[in-house]
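Residue strings, one per chain:
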Amino acid sequence: MWNEGSTIGTAAFFADFVPTDVTKFSLTNNETFKDQVTKANVWLSEQRDILLVACETVEFKVRSGGYVDLQRTTYKESRSERTYIAYGLRLWVRSSGKQEGKPGPQLCYYNIIPSISYSSESEDQLSAMNRFNATCQQKPFPGRVVSIETLKSKLHGGSGIDADRTVSRERGEEKTRYIMIMRIYFEKGATELPPRGTVGFKDFIPQHGQTHTEAVGQVSFWLQQGSLRGYQVTNIQTVPVKEKSGEATSNLSIRSTYTEHSNSNTYYIKILRIYYVKYEGFAPPPDAYLTSKAFYPTYSEVYETASSMRSRIGAWIATTGVKLISIETVPTRVGHSEERRLGYEAMRTHNHSDRCETWEYIVWVYIDGEYAEPPANVIRPPPRHVKEVDDCAIL
């Protein structure tokens, strides 16, 4: 029951929901994230016989005129000019393989926001999640846990934290402070009675020079040792964590606030965070054998569109018949020192304080079990990944 999104043999695809008619002059007057979930639920109610695989918040660049071009698979952040970023909801769904005419599921979500102190140490992410679990002892979940994610939100001085704000103004020359919040997505009505349970996460910190695929192997080995027996994996996420001299990365990975500087480079390590849930009264599934597959936007004079990329991903999943655990979209810098060497596999990156930056969307598919690539005459292999671009090209 809890692994409905892992149906085998049907294509998976995404649908995006973003704020429309974005105003850059009063950011708080734009649509909220709750508005995006409402739009998603309307769309889901119009679909038939589909299952939710994953939910995630995705960053999109706001174009001139206040619109978001959902076909772009790359974007540029300026160093000296303002870049406006919209935070949209991306749903990953797939067919149930049945023809029952059943309407699609409905979503709700909950934001876990660490308590912030401006005079002493703030609550860390692990403590904030434990606090959420304590409240769940008194009341059940509103439904099945689909996905959990960690995302950054700008701190606006004494004006408080607005986790549902969907538009942010970024500028390379400005010092910016962020808070890391967690968002849990639930599928309402997945069971006759609301389930009770607890959620958690485990961080895997890559060794120097280790690739994303190698880090996934490290997670898989941990799972095979039975370390998570009794729990169900909901999803895996690549989370950038600011590195800080003299402090252990294990402590940094759960820190709830950090600052991105304007006068010096800010260095990040990408950790793999595995989220899990334990439901009361439901038997957990067997231990997963975790593998992964990356999809990048192809380039031939121009970058591939999101629709084309979505079709390639769906065709590959349907053809290989893999059992999905989760899917994530990772905005990834292009052309920096580590990315120039390892491309999208790089697990270290840094924010340049004195240059514009180019980003591309990498989609990581997480799979339960090994898989074989389809023959070239069935699915043509993509062109070589482009690791370098002109950082000041208009994207």
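Structure shown above.
Residues numbered from 1 in each chain as written. Predicted model: local features only at pLDDT ≥ 70, side-chain atom pairs only at ≥ 80, totals over all residues. Heavy atoms only, no water.

1. Observations regarding the overall build of the protein
1) Next: When helices and strands are counted, the protein shows 6 helices and 18 strands.
2) Next: Classification of the 395 residues of the protein by burial places 55% in the buried group.
3) Next: Within the protein, counting contacts between residues at least 6 apart in sequence, those at least 24 apart form 85% of the total.
4) Next: Looking at the protein as shown, the accessible area adds up to about 17,700 Å², and 48% of this sits on carbon and sulfur atoms. (Helix = DSSP H or I, 4+ residues; strand = E, 2+ residues; numbered from the N terminus. Buried < 20%, exposed > 50% of the residue type's maximum accessible area, 1.4 Å probe, protein only. Contact = heavy atoms within 4.5 Å. Areas by Shrake-Rupley, 256 points an atom, 1.4 Å probe, with all protein chains shown as cover.)

2. Here's the deal with the environment of proline 331
1) Next: Along the chain, proline 331 falls in strand β16 (residues 324-333).
2) Next: Of the residues examined, proline 331 reaches a relative accessible area of 24% and is grouped as partly exposed.
3) Next: In the structure, proline 331 is positioned 271 residues away from phenylalanine 60 in sequence and 9.3 Å away in space, judged by C-alpha atoms.
4) Next: The contact partners of proline 331, leaving out residues within four places of it in the chain, are Tyr75, Trp359, Glu360 and Tyr361.

3. Notes on helix α2 (residues 125-136)
1) Next: Here α2 contains 12 residues, and its C-alpha end-to-end distance of 17 Å stays within 8% of the 16 Å for a straight helix at 1.5 Å per residue.
2) Next: Elements that come into contact with the buried residues of α2 comprise β5 (106-112), β6 (143-154), β8 (176-188), β9 (197-204) and β12 (266-279).
3) Next: Between a side-chain oxygen at the N-terminus of α2 and the backbone nitrogen of leucine 126 the separation is 3.1 Å; the capping residue is aspartate 124. (Expected span 1.5 Å × (residues − 1). Polar contact = N/O pair within 3.5 Å; in protein donor to acceptor, adjacent residues only side chain to side chain.)

4. Quick word on the pairing of strand β13 (residues 290-295)
1) Next: Most of β13 sits out of view: 6 of its 6 residues are buried.
2) Next: Across the two faces of β13 the burial is the same, with Leu290, Ser292 and Ala294 and Thr291, Lys293 and Phe295 all buried.

5. Describing the pattern of salt bridges
Opposite charge on two side chains makes pairing possible when the charged atoms of those side chains draw close.
1) Next: Counted by the stated rule, this structure contains 14 salt bridges.
2) Next: Between arginine 72 and aspartate 69 there is a salt bridge, and its shortest N-O distance comes to 3.3 Å.
3) Next: Arginine 72 sits in the partly exposed class, given a relative accessible area of 34%.
4) Next: Aspartate 287 is the salt-bridge partner of arginine 229, the closest N and O atoms lying 2.5 Å from each other. Within this pair, whereas arginine 229 is found in the loop between α3 (212-224) and β10 (232-242), its partner aspartate 287 is found in the loop between β12 and β13, the two being separated by 58 residues in sequence. (Salt bridge = Lys/Arg side-chain N within 4 Å of Asp/Glu carboxyl O.)

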